[in-house]
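Fold and contact review
Residue strings, one per chain:
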Amino acid sequence: MGGKLNACVNAVDRHVEAGNGDRVAFHFVGEPGDRQDTTYAELHEKVQRAANALIALGVETGDRVAIYLPMIPESVVAMLACARLGAPHSVVFGGFSADALRTRIADGEAKVVITADGGFRKGKAATLKPAVDKAISGDTTVTNVLVVRRTESDVDMVEGRDLWWHEALEAVEPTHTPEYFDSEHPLFILYTSGTTGKPKGILHTTGGYLTQTAFTSKYVHDIHPEKDVYWCTADVGWVTGHSYVSYGPMALGATQVIYEGTPDSPHKGRWWEIVQDLGVTIFYTAPTAIRACMKWGRDIPDGYDLSSLRVLGSVGEPINPEAWVWYSEVVGHGKAPIVDTWWQTETGAVMISPMPGVTSTRPGSAQLAIPGIEVDVVDESGASVPDGSGGYLVVKEPWPAMLRGIWGDPERYVDTYWSRFEEFYFAGDGAKKDSDGNIWVLGRVDDVMNVSGHRLSTSEIESALVSHSSVAEAAVVGANDPMTGQAVCAFVILRGEAVAAGDQQGEELVTALRNHVADRIGPIAKPRQIMVVAELPKTRSGKIMRRLLRDVAEKRDVGDVTTLADSTVMDAISAEMKEN
Ligand code: WT7
C-alpha cells in the first residue's frame, strides 16, 4: 500500500541510469524501407521533451490525451510521455474512422490529440489528420493537436490549435523531472468492443499493470534484454501494442523492432527479411497473419535465414493446430517453442500460456494459467467442470493487471464482468479442458466477433448499418472464415421507401453499405457479405436469433426453428440464399 512509481521512468530513465543508455530501444523499419535506430539515451531525451511539450499545452496530471498515429516510434514516445505526466492516454487505432475517433475522444474528454500527417500502408501514404479535423469539429474538449511529420503530405494546420510535433519538442527543455504517482493512478484508457453498440473504455492503472506486463515479458516471452531482439507485430492501437510494445518489453529495457507496414508490402517476404536483417530472436504475432503466410507458401520464409528465432508467440484468437505446426516447423525450424498466449484488453497482460522451456506444448491449446493466476472452466452454475468437459472461461482471483473499470460507466463494468457469475470474472469466452487439464479456448460466447484477432461487436455494426438511409433493420453475425478466423456477415431489411424510390439496389447498394460501415467504424469492420432479406428470424419476444443466421452464413442446414415467432422466415432466407 502507498507505493509510488512512474511508468515512464521504469521504461526509460532506469535503463539509462543503469548504464544502458547506448542500448538500442527501437530498430524502426518504415514501410518504404527507411530505417532509424533509437537508443535508450535518445529515447530518454525524446520522452522528456514530449512531456515538456504537453505541459506547455496545459496538460496536467489526470488530463486525457488521445493518440491517433501510425506504427512509428513517436507512438511509443507519446504514450510514455503521457505516462510520465500521469496523464492517461487513450490510443485510437489509426485504421479507425473519424466517427469512431470522435466517439472515443468525446467519451474520454481528451484535451490534446497527438496525430501525424499520415503513415505508409501498402506502398501509399494514408492520411490521418483530416480524420482528426473531422472528429473534433464543432463541440469538443480538445484544445490542441500535435502533428508528427511522417509522410510529408500536405496538411491543414489550424492556427492556434495545431502544432508540429518536431517544432513543439524543439521549443522546450530537454530535461524533465518526473513525479511519482500512486500505484493505482490511471495509466490509460483503451476502447474495445462489447456486446452493445458503444465501445467500452477499459481503464488500467499503473503498478499492477506494469508488474504483470514486465513479468510476462520476462517469463512468457523470455526476453533477455542484454541479448535479445524482440519483435511484436501488433499496432499500438490495440492492447497487445500497449502491453507488449510500449510497457512490458520497455520495463525490461529490451531492444525491439517497430515496423510500420503490412507483412506483404512491398513483397510477401518482408517480415522474414526483417527477422534476418535485424537478427530477431523473439517474434510475437497473430494466427491470422500466420495463416496468410501459410497461404503464400513456405518457399517465401525458406528464402531467408530465420535461425536467430528462439521463441515464437501467438495471440488474439485460437490458433488452429495446422497453423501452429506450420509456425513451429517453417518459422521456428522445430526448435523455437511457441507460446500461445490467452488474454484480453481487460486482463491487461497474458493470463494463460505455456512457459518456454518449462511447458511441453500442445498445438492449439493455450494450456495453463501462468504462475499467480487462477483461471477455470465452469458450467452454468459456476461449478468447475471436470477434465474432458467444456464450459465458460472465468478468472477466480484478482490479478495485478486487471482492468479497474469502464471509463465513466461503473454499472456496465458490473453488468459485463460480474453478473454472469457472482464471484468470478467472466471473460466472455467458451473453453474446454482436455484430459490433462489443459485449457483450449474456443471463442466468444457473447455477441462479440473476432476478425483477424480484432474484436468487433455485432451490435456496433448493426447500428452503423441502420444509420444508412436505405436500411430498416440489420442483423450481424460472425461466420467462420479460414483466413480471418471469423468474418462479418450482415443481413439487412431495406426501408420500403428506399425500395419504392428505386434508390441504389443490388451490388451497388451492397458496396455503398460496406463503405458506410467503414466510414462509421473503420475498414476492419466492413462486412465480408451483406444479404438483403425480407424478414429476420426473431423469437416471440422480438430477439433476433443470430444462431440461425450463422447457420446460413456458414452454409449449414438451419437448426431448430421452433422458438421463432414465424417459422417460415428461415425458409424464405434459405431460399434467397440458394438463388444467389
Ligand atoms: C479476446 C480478447 C489479447 C490481445 C489481443 C486481443 C480472444 C485472445 C487468444 C488465444 C484463443 C484468444 C479471446 C479473448 N483471444 N488471445 N491465445 N487463444 N483466443 O484482445 O481484443 O481484448 O480480445 O481475444 O476471445 O476474449 P481483445
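Throughout what follows, the structure given in this document is the object of discussion. Please read these numbers as outputs of a predicted model, since none were measured by experiment.

1. Some thoughts on the nonpolar core
- In this structure, Ile-114, Tyr-247, Ile-461 and Leu-465 are the most contacted members of the largest nonpolar core, which totals 138 residues.
- Per element, the largest residue contribution to this core is nine residues, and it comes from helix H3 (residues 73–85).
- Setting aside residues up to four positions removed in sequence, Ile-461 forms contacts with Met-449, Leu-456, Val-476, Val-488, Val-517, Ile-521 and Ala-525.
- Of all hydrophobic cores here, the second largest spans 27 residues; its members include Val-229, Trp-231, Leu-278 and Ile-338.

2. Some words on the pattern of salt bridges
- A complete count under the given rule lists 33 salt bridges for this structure.
- The residue Asp-99 makes a salt bridge to Arg-520 at a minimum N-O spacing of 3.1 Å. Placement of the pair is Asp-99 in helix H4 (residues 98–108) and Arg-520 in helix H16 (residues 506–520), with a sequence separation of 421 residues.
- Looking at Asp-99, the relative accessible area reads 24%, which means it is partly exposed.
- Taking the relative accessible area as the measure of exposure, Arg-520 reaches 36% and is therefore partly exposed.
- Between Arg-150 and Glu-260 there is a salt bridge; the shortest N-O distance is 2.6 Å. Of the two residues, Arg-150 sits in the loop between strand S9 (144–148) and strand S10 (162–164) while Glu-260 sits in the loop between strand S15 (255–259) and helix H9 (270–278), which places them 110 residues apart along the sequence. Grouping residues by exposure puts Arg-150 and Glu-260 together as buried.
- Each member of the salt-bridge network shares a partner with another, and the members are Lys-129, Asp-133, Arg-161 and Asp-162.

3. Quick look at unusual backbone geometry
- Between Ser-265 and the following residue, Pro-266, the backbone shows a cis peptide bond with an omega angle of 0°.
- Along the chain, Pro-266 falls in the loop between S15 and H9.
- Backbone geometry places Glu-152, a non-glycine residue, at a positive phi of 65°.
- As for its placement among the helices and strands, Glu-152 is situated in the loop between S9 and S10.
- Phi angles above zero are rare outside glycine, and Asp-222 is one such case at about 60°.
- Along the chain, Asp-222 falls in the loop between helix H7 (207–219) and strand S14 (229–232).

4. Observations concerning the site of the ligand
- Around the ligand lies a shell of 17 residues, among which Asp-340, Thr-341, Thr-345, Asp-429 and Arg-455 are the nearest.
- A distance of 3.4 Å separates a nitrogen atom of the ligand from a polar backbone atom of Glu-317.
- Residue Asp-340 places a side-chain N or O atom 2.8 Å away from a nitrogen atom belonging to the ligand.
- Notes on the ligand: free accessible area 550 Å², of which the protein chains cover 96%.
- Counting only elements with at least two residues in the shell around the ligand, the list comes to helix H8 (239–252), strand S18 (338–341) and strand S23 (439–444).
- A per-class count over the shell around the ligand returns six nonpolar, six polar and five charged.

5. Quick word on the packing of aromatic side chains
- In total, this model carries 24 aromatic pairs according to the counting rule given.
- Seen in terms of ring centroids, Tyr-244 and Tyr-284 are 5.8 Å apart; in terms of plane orientation they differ by 90°. Their pairing is edge-to-face. Taken as a pair, Tyr-244 in helix H8 and Tyr-284 in strand S16 (residues 282–285) lie far apart in primary sequence, 40 residues in all.
- The exposure class assigned to Tyr-244 is buried, which follows from its relative accessible area of 0%.

6. Quick word on the sheet that holds strand S20 (residues 390–395)
- One open sheet accounts for four strands, arranged S19-S20-S22-S23; its pairing is antiparallel. Both outer strands of the open sheet, strand S19 (375–378) and S23, are each paired with one neighbouring strand and no more. Taken over all neighbouring pairs, the strand axes of this sheet differ in orientation by 45° on average, direction set aside.
- With four bridges joining them, S19 and S20 adopt antiparallel strand pairing. When the sheet's bridge partners are listed, Asp-376 is paired in S20 with Val-394.

7. Remarks on the environment of Pro-356
- By the element assignment, Pro-356 lies in the loop between S18 and S19.
- Classification of Pro-356 by relative accessible area gives buried; the value is 17%.
- The spatial distance from the C-alpha of Pro-356 to the C-alpha of Asp-429 is 25 Å, given a sequence separation of 73 residues.
- Apart from residues no more than four positions distant in its own chain, Pro-356 is found in contact with Tyr-219, Val-220, Asp-222, Val-311, Pro-337 and Val-339.

8. Observations concerning the pairing of S18
- Residues Ile-338 and Asp-340 of S18 are buried on one face, and the alternating residues Val-339 and Thr-341, pointing to the opposite face, are buried as well.
- Between strand S17 (residues 311–315) and its parallel partner S18, the chain crosses via helix H12 (residues 321–331), and the hand of that crossover is right-handed.

What counts and what doesn't
- Residues numbered from 1 in each chain as written.
- Predicted model: local features only at pLDDT ≥ 70, side-chain atom pairs only at ≥ 80, totals over all residues.
- Heavy atoms only, no water.
- Core = buried A, V, L, I, M, F, W, Y, C linked by side-chain atoms within 4.5 Å.
- Buried < 20%, exposed > 50% of the residue type's maximum accessible area, 1.4 Å probe, protein only.
- Helix = DSSP H or I, 4+ residues; strand = E, 2+ residues; numbered from the N terminus.
- Contact = heavy atoms within 4.5 Å.
- Salt bridge = Lys/Arg side-chain N within 4 Å of Asp/Glu carboxyl O.
- Near = heavy atom within 4 Å.
- Polar contact = N/O pair within 3.5 Å; in protein donor to acceptor, adjacent residues only side chain to side chain.
- Areas by Shrake-Rupley, 256 points an atom, 1.4 Å probe, with all protein chains shown as cover.
- Nonpolar A, V, L, I, M, F, W, Y, C, P; charged D, E, K, R; others polar.
- Phe/Tyr/Trp six-rings, centres within 6.5 Å; stacked < 30°, edge-to-face > 60°.
- Pairing = 2+ DSSP bridges.
- Axes fitted to C-alpha atoms, helices over the stretch in contact; angles between N-to-C directions.
- Right-handed = clockwise from strand over helix to strand, strands pointing away.

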